[in-house]
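# Chain and residue survey
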Amino acid sequence: MRQKKSQQSVLISGAGIGGPALAYWLDRYGYDVTVVEQATGPRPGGHAIDVRGPALEVAERMGVLDRIRGLSTDLRGMSVVDDEGKELFRTTERTVSGGDLDSPDVEILRDDLAAVVADAGGAGISYVYGDSIDRLEQGADDVRVVFHSGTKRRFDLVVGADGLHSRTRRLAFGPEEDYLHHLGTSLAVWTAPNFLGLDRWQVVYKMGGDLWGGMVMSVRDNQEVRVYVGFDWDEPPAESDTGDPHAQKRLIAREFAKARWEMPRLLEHMWGAPDFLFDSMAQIRMDSWSRGRVVLLGDAGYCGSPMSGQGTSMALVGAYVLAGEVRAADGDHTAAFAAYERELRGYVTANQELALTNKAVMDARDAMDLGEVEGEEFVADLRADLDVANSYSLKEY
């Protein structure tokens, strides 16, 4: 039963996962919630993501955990192949993207999870697609928002849940470069037909030098695959900042022009992929996640990068904690935001450190022979750091 504690209005920028999760909790607590999203509708595609540790408990408290488990990628294992497609390694114990297969964690496609979380919120939440925040003006009692459409509205609180390149953060806190820390790697993801005939399986194609190679995993009942390619660099590619998918595709084609195995066919499908995504792996590090009545959630405030495998979990846990502290403070946003940071800072720091450990492990593996790619000492390091990151216990609100 919805508990009407307040009629405060909250604007959330970003309809990915963290934004709708926060909307769910705030609506449940009686707040008037609007979610604005620049895209014209729910965004399709995206890579496989993981729901882990305390985020599983958040999903259970939202009543969506069973549905999330029912939509898992359900992979059976992975293999590593060389230029000729010869299998060099095989395991049914873990995958690169999802980790140990016997863990309680759930690997799910990003768009599937986003739909589950948004559906859970129900009809009480107002979603505005095809618009974005152009200007924020903070007053003593509210935030005056000017949207790109020209609409002007006032809200008690504004939450930026709009990702690594958050416009809300830029408007309220300043330039992105003040907070963004590159990890020296770029990643591209797109969807292709499952012409490889993979059955709930993941294949890693390893290349040498700065090129990671590719990874392919079957999804959607084996009807399609998600394709991943990555490479390291000394300076961020200019294409990272253009937001031009055609230029980014040309960059990928150029970087992987000499790739073998099935990569040429997979790259052909990249050109027509409507869900192509490309970005540099980076973290957002900030001394404070709030300024006045504006607060940041998930990647906008504390992106760990895909290297952590914890971005989705941080967004779900962050949404639960932020909503809980707003409710507990009963209208005092200063107290609520301070409590949110105190409660979550250790969890975020541990997960961001996990990304750095993972990067170090990958660099070490690159220096090894492929036959040792799953060296148990490295797996043990990651498991230990993951256990620390997921040791956070949820409060009751």
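Described below are features of the structure shown in this document. (Residues numbered from 1 in each chain as written. Predicted model: local features only at pLDDT ≥ 70, side-chain atom pairs only at ≥ 80, totals over all residues. Heavy atoms only, no water.)

### As for the pairing of strand 5 (residues 87–91)
With four bridges joining them, strand 4 (residues 77–81) and strand 5 adopt antiparallel strand pairing. Its bridge partner being in strand 5, Val81 is matched across the sheet by Glu87. Where strand 4 hands over to strand 5, the hairpin turn is made up of five residues, of which Gly85 adopts a positive phi near 85°. (Pairing = 2+ DSSP bridges. Helix = DSSP H or I, 4+ residues; strand = E, 2+ residues; numbered from the N terminus.)

### What about the environment of Asp178?
Assignment of secondary structure puts Asp178 in the loop between helix 5 (167–173) and strand 14 (180–193). With 107 residues separating them along the chain, Asp178 and Arg285 place their C-alpha atoms 8.9 Å apart.

### Focus: the sheet that holds strand 11 (residues 143–147)
Across a sheet, paired strands are connected by hydrogen bonds in the backbone, their directions being either parallel or antiparallel. Reading across from one edge, 10-11-12 is the order of the three strands in this open sheet, with antiparallel pairing throughout. Every other strand in the sheet has two partners, leaving strand 10 (133–138) and strand 12 (152–155) as the edge strands with one partner each. Put simply, the sheet's adjacent strands are angled 25° from each other on average, direction ignored. (Axes fitted to C-alpha atoms, helices over the stretch in contact; angles between N-to-C directions.)

### Observations concerning the packing of helix 1 (residues 18–28) against helix 2 (residues 54–62)
The axes of two packed helices give the description: the angle between them and the distance between them. With their axes 12 Å apart at the nearest point, helix 1 and helix 2 run at an angle of 45° to one another. Between helix 1 and helix 2, the angle falls in the class oblique. Helix 1 and helix 2 meet at a crossing whose hand is left-handed. Of the residues in helix 2, those touching helix 1 at Ala21, Tyr24 and Trp25 are Val58, Arg61 and Met62. (Parallel < 35°, antiparallel > 145°, perpendicular 65-115°, else oblique. Left-handed = near helix turned anticlockwise from the far one by under 90°. Contact = heavy atoms within 4.5 Å.)

### Re the pattern of salt bridges
For the structure shown, the criterion picks out 27 salt bridges. For Arg226, the salt bridge identified is with Asp111, shortest N-O distance 4.0 Å. Of the two residues, Arg226 is situated in strand 17 (residues 224–232) and Asp111 in helix 4 (residues 110–121); the sequence distance between them amounts to 115 residues. With respect to class, Arg226 is no different from Asp111; both count as buried. A cluster of three or more residues bridged by salt bridges with shared partners is formed by Asp111, Asp112, Arg220, Glu224 and Arg226. (Salt bridge = Lys/Arg side-chain N within 4 Å of Asp/Glu carboxyl O. Buried < 20%, exposed > 50% of the residue type's maximum accessible area, 1.4 Å probe, protein only.)

### Focus on the nonpolar core
The biggest cluster of nonpolar side chains holds 76 residues, and the ones touching the most others in it are Ile12 and Leu344. When residues of this core are assigned to their parent elements, the largest contribution, nine residues, is made by helix 10 (residues 311–329). Once residues within four sequence positions are removed from consideration, Leu344 is found in contact with Trp289, Tyr302, Val317, Gly318, Val321 and Tyr392. Counting 28 residues, the second largest nonpolar core, distinct from the first, contains Ala192, Val227, Phe231 and Trp261. (Core = buried A, V, L, I, M, F, W, Y, C linked by side-chain atoms within 4.5 Å.)

### A short note on helix 8 (residues 263–270)
Turn by turn, an α-helix covers 3.6 residues, leaving residues three or four places apart pointing in a common direction. All of the buried residues along helix 8 are Met263, Leu266, Leu267 and Met270. One side of helix 8 carries all its buried residues, which in axial view fall inside an arc of 100°. Those residues of helix 8 that are buried lie in contact with strand 14, strand 15 (201–206), strand 16 (211–219), strand 17 and helix 7 (245–255). (Arc of directions from axis to C-beta.)

### Description of unusual backbone geometry
For Asp221, which is not glycine, the phi dihedral falls at a positive 55°. Residue position: Asp221 is located in the loop between strand 16 and strand 17. Taking the relative accessible area as the measure of exposure, Asp221 reaches 72% and is therefore exposed. Positive phi outside glycine occurs at Ser305, with the angle close to 80°. Relative to the elements of secondary structure, Ser305 occurs in the loop between helix 9 (299–302) and helix 10. In this structure Ser305 comes out as buried when scored by relative accessible area, which is 5%.

### Focus on helix 7
Among the residues of helix 7, Ala247, Gln248, Lys249, Leu251 and Ile252 are the ones counted as buried. Sitting at the head of helix 7, Asp244 places a side-chain oxygen 3.0 Å from the backbone nitrogen of His246. (Polar contact = N/O pair within 3.5 Å; in protein donor to acceptor, adjacent residues only side chain to side chain.)

### What about the environment of Glu87?
The topology assignment puts Glu87 in strand 5. Of the residues examined, Glu87 reaches a relative accessible area of 38% and is grouped as partly exposed. Along the sequence, Glu87 and Val204 sit 117 residues apart, while their C-alpha atoms lie 9.7 Å from each other. Setting aside anything within four residues of it in sequence, one finds Glu87 in contact with Ser79, Val80 and Val81. Polar side-chain contacts of Glu87 include one of 2.9 Å to the side chain of Arg90.

### A short note on the packing of aromatic side chains
One pass over the structure, following the stated rule, counts twelve aromatic pairs. Where Phe231 meets Phe278, the ring centres are 6.5 Å apart and the plane angle is 25°; that geometry is what we call stacked. On the criterion of sequence distance, the pair formed by Phe231 in strand 17 and Phe278 in strand 18 (residues 277–284) is long-range, its members being 47 residues apart. With respect to burial, Phe231 and Phe278 carry one shared label: buried. A ring pair is formed by Trp289 and Tyr302, whose centres lie 4.5 Å apart and whose planes are at 45°; its orientation type is tilted. With Trp289 in the loop between strand 18 and strand 19 (290–291) and Tyr302 in helix 9, this residue pair connects regions lying 13 residues apart in the sequence. The two residues Trp289 and Tyr302 agree in class, both being buried. Ring pairing ties together the aromatic residues Tyr24, Trp25, Tyr29, Tyr320 and Tyr397, which thus form one cluster. (Phe/Tyr/Trp six-rings, centres within 6.5 Å; stacked < 30°, edge-to-face > 60°.)

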